[in-house]
Amino acid sequence: MDKATIIVHSGDMDKLYSALIIANGALSMGMEASLYFTFWGLERLVKGKLEKGALSAMNMLGLGKWMVKRRMKATNVASLEKLLQDLKELGGKIIACEMTMEIMGIKREDLREDLIDEYGAVGSYIQEARDSSITLFI
Amino acid sequence: MAEIKVDVSGETCPVPLVETRKALRKAETGDVVEVTGTHPASKKEIPMAVKALGLELIDVEEQDGVWMLRIRK
């Protein structure tokens, strides 16, 4: 079966949306999807931090985020939490980077363990990516 | 054989596609899933997903910006 493997490196809200929308799209169209959360991306899987990322590299001291979130609500964009729940329901796999956990002093119990399927390192990513027709670094 | 209705009117990318897939996963072989929505791109993208999944698109209707797709699992 076709697979999409995405490295989620950024913790910025806009990039997290891109990663989750692409992964959900792949699952919806009959592919498998694996997301490898590392660095600032993994930080968003710490309990209570999902929505705490900056809007983007163009954050403008938080004002941009406030405006864009308001527009997103008006446009009825799904929340990051819904996209993660959908991803899990459709069989998407989430891998947490163990090196990031060591560097940032994050323990398993600090993370959203309900979402994470595996804890791994570069070898886990390569094993997923070598069978994937779509690989992205976001 | 059941007929399952999914209403994604007013929802935007990727919700119509995702909700369609969720309903199709839960459906039994032979069931018909009827999806109603307003997101323009989904009207052409859901049929692409149906084809990729090897399922049958029974018909597509549209009236005043509201489309309805029927899919047989």
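Since the model is a prediction, treat every value here as computed from it, not as a measurement.

Caption draft 1: Layout of the interface of chain A and chain B. On the side of chain B, 15 residues touch chain A, which itself brings 14 residues to the contact. Of the residues forming the side of chain A that touches chain B, the biggest block, five residues, is contributed by helix H1 (residues 13-28) of chain A. When its residues are assigned to classes, the side of chain A that touches chain B shows six nonpolar, six polar and two charged.

Caption draft 2: Layout of the nonpolar core. Residues and elements named next belong to chain A. Ranked by size, the top nonpolar core spans 40 residues in total, and within it Val 8, Ala 23, Leu 35 and Phe 37 carry the most contacts. For this core, the leading source of residues is H1, giving seven residues. The residues touching Ala 23, leaving out its near neighbours within four places in the chain, are Ala 4, Ile 6, Ala 33, Leu 35, Leu 87 and Gly 92.

Caption draft 3: Quick peek at the pairing of strand S2 (residues 32-37) of chain B. Residue and element names in this part refer to chain B. Alternating residues of S2 divide into Val 33, Val 35 and Gly 37, all buried, and Val 32, Glu 34 and Thr 36, none buried. Bridge analysis of strand S1 (residues 3-8) against S2 gives six bridges, and the strand direction is parallel. Its bridge partner lying in S2, Glu 3 is registered against Val 32. Viewed along the sheet, the connection from S1 through helix H1 (residues 15-26) into S2 turns out right-handed.

Caption draft 4: Summary view of unusual backbone geometry. The omega torsion of the bond from Cys13(B) to Pro14(B) falls at 0 degrees, within 30 degrees of zero and hence cis. Within the secondary structure, Pro14(B) is located in the loop between S1 and H1. Even without being a glycine, Phe39(A) presents a positive backbone phi close to 40 degrees. In this structure, Phe39(A) sits in helix H2 (residues 39-43).

Caption draft 5: Spatial organisation of the sheet that holds strand S4 (residues 66-72) of chain B. Residue and element names in this part refer to chain B. Here four strands make up an open sheet; going across it, the order is S1-S2-S4-S3 and the pairing mixed. The open sheet has two free edges, formed respectively by S1 and strand S3 (56-63), since each of these has just one partner strand. Adjacent strand axes in the sheet meet at a mean angle of 15 degrees when their direction is disregarded. By the bridge criterion, seven bridges tie S3 to S4 in an arrangement that is antiparallel. When the sheet's bridge partners are listed, Val 60 is paired in S4 with Leu 69.

Caption draft 6: Summary view of the confidence of the model for chain B. Taken over all residues, the pLDDT of chain B has a mean of 96, while the share at 70 or more is 100%. Overall fold confidence for the complex sits at a pTM of 0.92, while the interface term, ipTM, reaches 0.89.

Rules used in this analysis
Residues numbered from 1 in each chain as written. Chains lettered and ligands numbered in written order. Predicted model: local features only at pLDDT ≥ 70, side-chain atom pairs only at ≥ 80, totals over all residues. Contact = placed C-beta atoms within 7 Å. Helix = DSSP H or I, 4+ residues; strand = E, 2+ residues; numbered from the N terminus. Nonpolar A, V, L, I, M, F, W, Y, C, P; charged D, E, K, R; others polar. Core = buried A, V, L, I, M, F, W, Y, C linked by C-beta atoms within 7 Å. Buried ≥ 20, exposed ≤ 12 C-beta atoms within 10 Å, placed from the backbone. Pairing = 2+ DSSP bridges. Right-handed = clockwise from strand over helix to strand, strands pointing away. Axes fitted to C-alpha atoms, helices over the stretch in contact; angles between N-to-C directions. pLDDT = per-residue confidence, 0-100.

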